[in-house]
Amino acid sequence: MFSRHFAASAAIGVIVAALSAPAAFAQQTTAALRGVALDEAGAPIAGATVTIIHTPSGTKTTLVTDAAGVFDARGLRVGGPY
């Protein structure tokens, strides 16, 4: 009788522990930066070279804007400032 009671208590304890565990969320390991290069008149600059510098590490990412002046950098170090 004691072992049956112990087994039932242990099973309830395991179920309660499993149900009360916090949900696991994926951790983001890279950052992204998107923007538009514009001239003084507000027109997009196609083919502009954009250099993004991660200030703490000095890591540089260089890319070129598209026809609409848009740049989209992905896979950057998490954190900043940039």
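Just above, that's the structure.
Structure report, in brief. (Residues numbered from 1 in each chain as written. Predicted model: local features only at pLDDT ≥ 70, side-chain atom pairs only at ≥ 80, totals over all residues. Heavy atoms only, no water.)

## A look at the pattern of salt bridges
A side chain with one charge can pair with a side chain of the opposite charge if their charged atoms come near. Scanning all chains against the criterion turns up two salt bridges. Note that Asp 72 and Arg 34 form a salt bridge whose closest N and O atoms lie 3.9 Å from each other. Of this pair, Asp 72 sits in strand β4 (residues 70-76) while Arg 34 sits in strand β1 (residues 31-36), and the two are 38 residues apart along the sequence. The exposure class of Arg 34 is exposed, given its relative accessible area of 59%. In this structure, Asp 72 and Arg 74 form a salt bridge, with 3.1 Å as the shortest nitrogen-oxygen distance. With relative accessibility at 62%, the residue Arg 74 sits in the exposed group. (Salt bridge = Lys/Arg side-chain N within 4 Å of Asp/Glu carboxyl O. Helix = DSSP H or I, 4+ residues; strand = E, 2+ residues; numbered from the N terminus. Buried < 20%, exposed > 50% of the residue type's maximum accessible area, 1.4 Å probe, protein only.)

## Points about the side chain of His 54
Assignment of secondary structure puts His 54 in strand β2 (residues 49-54). At 2.7 Å, the side chain of His 54 forms a polar contact with the side chain of Ser 57. (Polar contact = N/O pair within 3.5 Å; in protein donor to acceptor, adjacent residues only side chain to side chain.)

## A look at the side chain of Thr 65
Relative to the assigned elements, Thr 65 resides in the loop between β3 (59-64) and β4. Judged by its relative accessible area of 5%, Thr 65 falls in the buried class. Within the structure, the side chain of Thr 65 is placed 2.7 Å from the backbone oxygen of Ile 45, a separation counted as a polar contact. Among the polar contacts listed, one links the side chain of Thr 65 to the backbone nitrogen of Ala 48, at a separation of 2.9 Å. Filtering out sequence-adjacent residues up to four positions away, Thr 65 remains in contact with Ala 37, Ile 45, Ala 46, Gly 47, Ala 48, Val 50, Val 70 and Phe 71. (Contact = heavy atoms within 4.5 Å.)

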